[in-house]
Amino acid sequence: MLNYVLRRVAIAIPTILLLVVISFVLMYAAPGGPFNSDRPLPAQVMANIEARYGLDQPYWKQMTTYIWNVVVHFDFGPSFQYRDRTVNDVIAQGFPVTLTYGFWSFIVALVVGVALGAAAAIRHNSWLDYLAVGISIGAQVLPNFVMAPILVLVFTLWLGWLPGGGWQGGQIEYLILPVIALSTSYMASIARITRSSMLEVLNAGFIRTARAKGLPTSRIIWKHAMKPTMLPVLSYLGPAFVGMITGSVIIDVFFSTGGIGQFFVNSAFNRDYSVIMGITILVGVLTVTFNLVVDLLYAWIDPKIRY
Amino acid sequence: MTLKTHLLAGTAALFALSGAAHAESHAMTEHPETGEKLAADQSFTYRVLDEFPSIDPNLIEDVEGSHIGRNLFEGLMNQDDKGDVVPGVATGYEVSEDGLTYTFTLRDDAKWSNGEPVTANDFVYSWQRAADPATASEYQWYMGLMKIANIDEVISGDKEPTELGVKAVDDHTLEVTLSQPLPYFPQMVTHTTTFPVPRATIEEHGDAWTQPGNMVSNGAYVLEDRVPQEYITLKKNPEYWDAENVIIEEVTALVINDENQALTRYLAGEFDQTDVPAGQFPRLSEEYPEQAVSVPNLCSYYYNLNVSDSGPEALADPKVREALYLAIDRDVITNNVLGGGQKPAYTLTHWATAGFEVPSIEVAQMSQQERNERAKELMSEAGYGTDGEPLELDILYNTSESHKQVATAVSQMWKQTLGVDTTMANMEWQTFLEERHNKNYEVARAGWCADYNEASSFLDIMQTESSYNDSGFSSEEYDQLMAEATTAEDPLPLYTEAETILTTEFPILPIYHYATVFMMDENIKGYPLENAQDNWYAKDLYRVAGE
């Protein structure tokens, strides 16, 4: 097991380095630059700015300096767009926000999704099943960029119950709408996967055996069916969790949460090289980490899996 | 009607500003000039599209950041509700006979928020800092525009910042030397780049001096709190020299990227001002006549025709260019496509520009039918169009719904009237800028906003050497006119002549002059609706008690 983990970590390092190099190349291949604007700057002014940010250096040198600073000093450099902040500041401010609403969305999506999917499977072909399937299809076809404005229209403008945006340090009333908007479609996917997975498990031989033994249904579900049901769900949860905690630009744009998703997209449009790199690396590291966590969880759930 | 009430209120604020107001202490219950009953809550909250790249006056590079800069800091001169120059930290100025030396007299009661006096040295430090290559401010180009002596050499690093043509004669006298006379120089010092910055604070905190808790400022407000991408809050500055006439106690800007979402939240009463999304103005002004406001905004929208060597052959013919110019039905675009108070443009300079009169050209008086007839004639004379060689053109624009709508309308008009086939190509912003600048286009959308409220700010862009002249137009006569205008006693005839050259050569096709449309809580008064640059100061606003 330990061996496996070490091996995975050893593979992760070149993976992330490769990610950095490819991102760097793509970024510089894109037309424009962080300081190009509608009104072109006089050459001398541009030269002063490029000198300040080291953009006058050859690309390979910029890249190696960058990697060196990140690895040795854990310094992601200054933001080119936000003059009074560094990339570390941007991440330190935005990531906790995203982590908070992402985490709660994950919990909501997981709990509601699994409950809905399991209930549908257990009461297969009943009204409960149809209702659950209906809800999950409905939630799936309502993407969050449609959900978000509708939620604000209903809960802010019509009912006046909740603020339509802002964060205020993550107070609960500011958290509710983003969490609903972000978790809905994940919840729908989890419900569908859980349902089909559980239907399969419930038809398996060992469940029939358990039934034949006369075990109560609740015990069969919780003790025997739940764990194998979760296997396909789990492989979905890894990337979904990373997706949620690294932010959704839609949530940030519509609810002005100040999360990291917004910075990610803006930095790409503004060619804010250092912010693009910083967040790419963050997302890369998280993806690799959670894929590993999921793989380890597999072994825990299914004893047949050995590393 | 809404406009009128706002205008009256604006004028009232002007009197308050000019110091005629009674000295009244905190918690006013009535407006000192108009006698209107004031609300207990004197806060002003508005929406901004995006986070400010910086709130350091020397570095501010966006319009929304400038609003924050003008509230936190105060420069030599301010603008009143019509955009005219009024005293700020300086009580006035004198110009030398040759127009090259400006001497500003600073008021002796101006203070920083830490109680220190604001002196001429603070301005000297700020201007030197803005021009210093090490500061790497994008707005060094603006300092260049101000023609301060030695500015280009300082920016290029050939001279020390201390050699810049600005010096403190004494604590309250600032002397600026220019390299050439600039009649609108006082207008230029209302811009944030020229505002004073606190040397001791910057030296103590470095780049972090703009953080809440660190920042010291000299304007009517101080920085209270700031969460990037979420909000920024300013509080009234008790040390401000005119604090007793400042009514609004707290100013908050909320960052909301999505304009429709912002509108919903505005309608839910969450804040006092937000932009109107494209195309929604007619509906909103009908539903909320007291709140929907349209004001001129000093920007012009036009199409560049590539007349350089890389452009298509057809566009080298002025007749074709004129035909394209004539066949655009601008009324349809302003009324039906945009519908937000924009005005049709037949010439470049915005109609609301100070001291400028739109030249009365013949085309503007014709009916669209007459224009179309003339356009068809020109086109067939040139040998193109329905009974000539087929003409195909690409229209390039940056990705945006409203640019797309305008391009669609224009391409329909050209097709119907002239038989020109167009392809519309949209590109992401940075790519678009590069393609246009490299002249890899045939027809390209452009918008230009004035840097200062004077016609040359528009007309300069068509000079041969201008970095924004993407059409490839070059006319010696034009360049000469613009050079003469900088020193002319009355430059207006020269500007008219320059516009006339543009409307005989047609390197660009002006389409409309911008207007800003926004929703504003009807209880907020004092907004400068006649300031075409939309330079507002929170110190001039106030909230009246609602019924």
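Calculation rules
- Residues numbered from 1 in each chain as written.
- Chains lettered and ligands numbered in written order.
- Predicted model: local features only at pLDDT ≥ 70, side-chain atom pairs only at ≥ 80, totals over all residues.
- Helix = DSSP H or I, 4+ residues; strand = E, 2+ residues; numbered from the N terminus.
- Rg over C-alpha atoms; globule rule 2.2 N^0.38 Å.
- Buried ≥ 20, exposed ≤ 12 C-beta atoms within 10 Å, placed from the backbone.
- Contact = placed C-beta atoms within 7 Å.
- Nonpolar A, V, L, I, M, F, W, Y, C, P; charged D, E, K, R; others polar.
- UniProt positions renumbered as here; feature names shortened; annotations may be inferred.
- Pairing = 2+ DSSP bridges.
- Axes fitted to C-alpha atoms, helices over the stretch in contact; angles between N-to-C directions.
- Parallel < 35°, antiparallel > 145°, perpendicular 65-115°, else oblique.
- Left-handed = near helix turned anticlockwise from the far one by under 90°.
- Core = buried A, V, L, I, M, F, W, Y, C linked by C-beta atoms within 7 Å.
- Expected span 1.5 Å × (residues − 1).
- Bend = angle between axes of the 7 residues up to and from the residue.
- pLDDT = per-residue confidence, 0-100.

1. As for the overall build of chain B
Next, step 1: For chain B, the helix and strand inventory stands at 18 helices and 19 strands.
Next, step 2: Relative to a compact globule of 547 residues, whose C-alpha radius of gyration would be 24 Å, chain B shows 25 Å and is just as compact.
Next, step 3: Projecting the C-alpha coordinates of chain B onto the three principal axes gives extents of approximately 75 × 60 × 40 Å.
Next, step 4: Counting only residues that meet the buried cut, chain B has 52% of its 547 residues in that class.
Next, step 5: Of the contacts made within chain B by residues no fewer than 6 positions apart, 68% connect residues no fewer than 24 positions apart.

2. Here's the deal with the overall build of chain A
Next, step 1: Along chain A, the regular secondary structure elements total 12 helices and 0 strands.
Next, step 2: Written out in order from the N terminus, the α and β elements of chain A read α-α-α-α-α-α-α-α-α-α-α-α.
Next, step 3: Structurally, chain A occupies a C-alpha span of about 85 × 60 × 30 Å along its principal axes.
Next, step 4: If you take every contact in chain A between residues at least 6 apart in sequence, the share linking residues at least 24 apart comes to 72%.

3. As for the interface of chain A and chain B
Next, step 1: Taken residue by residue, the interface counts 38 residues in chain A and 40 residues in chain B.
Next, step 2: Only helix H2 (43-52), helix H6 (144-158), helix H10 (249-255) and helix H11 (260-270) of chain A provide two or more residues apiece to the side of chain A that touches chain B.
Next, step 3: Counted by class, the side of chain A that touches chain B contains 17 nonpolar, 14 polar and 7 charged residues.

4. Side note on the UniProt feature "domain: Solute-binding protein family" (unreviewed entry) in chain B
Next, step 1: Mapped onto this numbering, the UniProt entry annotates "domain: Solute-binding protein family" (unreviewed entry) at residues 85-468 of chain B.
Next, step 2: For residues 85-468 of chain B, the helix share is 31%, the strand share is 22%, and the end-to-end C-alpha distance is 28 Å.

5. A look at the sheet that holds strand S4 (residues 90-95) of chain B
Residues and elements named next belong to chain B.
Next, step 1: Taken in spatial order, the 4 strands line up as S4-S5-S7-S6 in an open sheet, and their pairing is antiparallel. One side of each edge strand has no neighbouring strand; the edge strands of this open sheet are S4 and strand S6 (166-170). Going across the sheet, the axis of each strand differs from the next one's by a mean of 25°, ignoring polarity.
Next, step 2: For S6 and strand S7 (residues 173-177), the ladder comprises 4 bridges, and the chain directions are antiparallel. By the bridge assignment for S7, Val-166 is matched with Val-176.
Next, step 3: Against the sheet, helix H3 (residues 120-131) contacts strand S5 (101-106), S6 and S7, and its axis sits at roughly 170° relative to S6.

6. Some details on the packing of helix H10 (residues 318-326) of chain B against helix H13 (residues 368-382) of chain B
Residue and element names in this part refer to chain B.
Next, step 1: At a closest axis distance of 8 Å, the pairing of H10 and H13 adopts a crossing angle of 155°. Between H10 and H13, the interaxial angle falls into the category roughly antiparallel. Our pair here, H10 against H13, has a crossing hand that is left-handed. Of H13, the residues touching H10 (which contributes Lys-319, Val-320, Glu-322, Ala-323 and Leu-326) are Arg-371, Arg-374, Ala-375, Leu-378, Met-379, Glu-381 and Ala-382.
Next, step 2: Considering only residue class, the contact of H10 with H13 consists of 7 nonpolar, no polar and 5 charged.

7. Considering the nonpolar core
Residues and elements named next belong to chain B.
Next, step 1: Residues Ala-323, Ala-327, Leu-509 and Ile-511 are the most contacted members of the largest nonpolar core, which totals 162 residues.
Next, step 2: No other element matches the 10 residues that strand S17 (residues 508-520) contributes to this core.
Next, step 3: The contacts of Ala-327, once residues within four sequence positions are left out, are Asn-372, Ala-375, Met-413, Trp-414, Thr-417 and Leu-418.

8. Side note on the pairing of strand S8 (residues 221-227) of chain B
Residues and elements named next belong to chain B.
Next, step 1: Direction of pairing for S8 relative to strand S9 (residues 231-236): antiparallel, over a ladder of 6 bridges. The residue bridging Val-227 from the neighbouring strand is Tyr-231, located in S9.
Next, step 2: Linking two consecutive strands that pair antiparallel, namely S8 and S9, is a turn of 3 residues; a positive phi of about 65° is found at Gln-229 within it.

9. Some details on the UniProt feature "transmembrane region" (unreviewed entry) in chain A
Residue and element names in this part refer to chain A.
Next, step 1: In the numbering adopted here, UniProt assigns the feature "transmembrane region" (unreviewed entry) to residues 9-30, 101-122, 142-162, 174-193, 233-255 and 275-301.
Next, step 2: Secondary structure across residues 9-30 divides into 95% helix and 0% strand, with the first and last C-alpha atoms of the span separated by 32 Å.
Next, step 3: For residues 101-122, helix accounts for 100% and strand for 0%, while the C-alpha atoms at its two ends are 31 Å apart.

10. Examining helix H4 (residues 87-122) of chain A
Next, step 1: Compared with an ideal rise of 1.5 Å per residue, which puts 36 residues at 52 Å, H4(A) spans 49 Å between its outermost C-alpha atoms and is within 8% of the ideal.
Next, step 2: For H4(A), the principal kink sits at Gly94(A) and spans about 25°; a proline, Pro96(A), occurs within the next four residues.

11. Re the pairing of S5(B)
Residue and element names in this part refer to chain B.
Next, step 1: Residues of S5 alternate between two faces, with Tyr-102, Phe-104 and Leu-106 buried on one and Thr-101, Thr-103 and Thr-105 left unburied on the opposite face.
Next, step 2: As paired strands, S4 and S5 are joined by 5 bridges and run antiparallel to one another. For Gly-92, the partnering residue across the bridge sits in S5 and is Thr-105.
Next, step 3: The sheet contact formed by S5 and S7 spans 5 bridges and is antiparallel. When the sheet's bridge partners are listed, Phe-104 is paired in S7 with Leu-174.

12. Digging into the packing of helix H9 (residues 217-245) of chain A against helix H12 (residues 273-301) of chain A
All names here are of chain A.
Next, step 1: Contact geometry of H9 with H12 gives a least axis separation of 8 Å together with a crossing angle of 170°. Taken together, the axis directions place H9 and H12 in an arrangement best described as roughly antiparallel. Every residue of H12 that contacts H9 at Lys-227, Met-230, Leu-231, Leu-234, Ser-235, Leu-237, Gly-238, Phe-241 and Val-242 is listed here: Leu-286, Thr-287, Phe-290, Asn-291, Val-293, Val-294, Leu-297, Tyr-298 and Ile-301.

13. Description of the environment of Gly138(A)
Next, step 1: Locating Gly138(A) in the fold gives a position in helix H5 (residues 127-141).
Next, step 2: When the C-alpha positions of Gly138(A) and Thr184(A) are compared, they lie 9.5 Å apart, and in sequence the two are 46 residues distant.

14. Focus on helix H8 (residues 205-212) of chain A
Next, step 1: Burial analysis of H8(A) places just 0 of its 8 residues in the buried class, which makes it a mostly uncovered element.
Next, step 2: Once H8(A) finishes, Gly214(A) follows within two positions and takes phi at roughly 90°, a positive value.

15. Thoughts on unusual backbone geometry
Residue and element names in this part refer to chain A.
Next, step 1: Backbone geometry places Phe-74, a non-glycine residue, at a positive phi of 55°.
Next, step 2: With respect to the element layout, Phe-74 can be found in the loop between helix H3 (59-73) and H4.
Next, step 3: By the C-beta count within 10 Å, which is 8 here, Phe-74 ends up exposed.
Next, step 4: Its identity is not glycine, yet Asn-125 carries a phi of approximately 65°, on the positive side.
Next, step 5: With respect to the element layout, Asn-125 can be found in the loop between H4 and H5.

16. So, the confidence of the model for chain B
All names here are of chain B.
Next, step 1: With 95% of its residues at a pLDDT of at least 70, chain B reaches an overall mean of 90.
Next, step 2: Between residues 1-25, whose pLDDT stays under 50, and residues either more than four places distant or in other chains, the model counts 45 contacts.
Next, step 3: Quick note on the complex model: pTM equals 0.85, ipTM equals 0.83.

17. Some details on the environment of Phe241(A)
Residues and elements named next belong to chain A.
Next, step 1: Relative to the elements of secondary structure, Phe-241 occurs in helix H9.
Next, step 2: Phe-241 gets classed as buried once you count the C-beta atoms within 10 Å, which come to 22.
Next, step 3: The contact partners of Phe-241, leaving out residues within four places of it in the chain, are Phe-106 and Phe-290.

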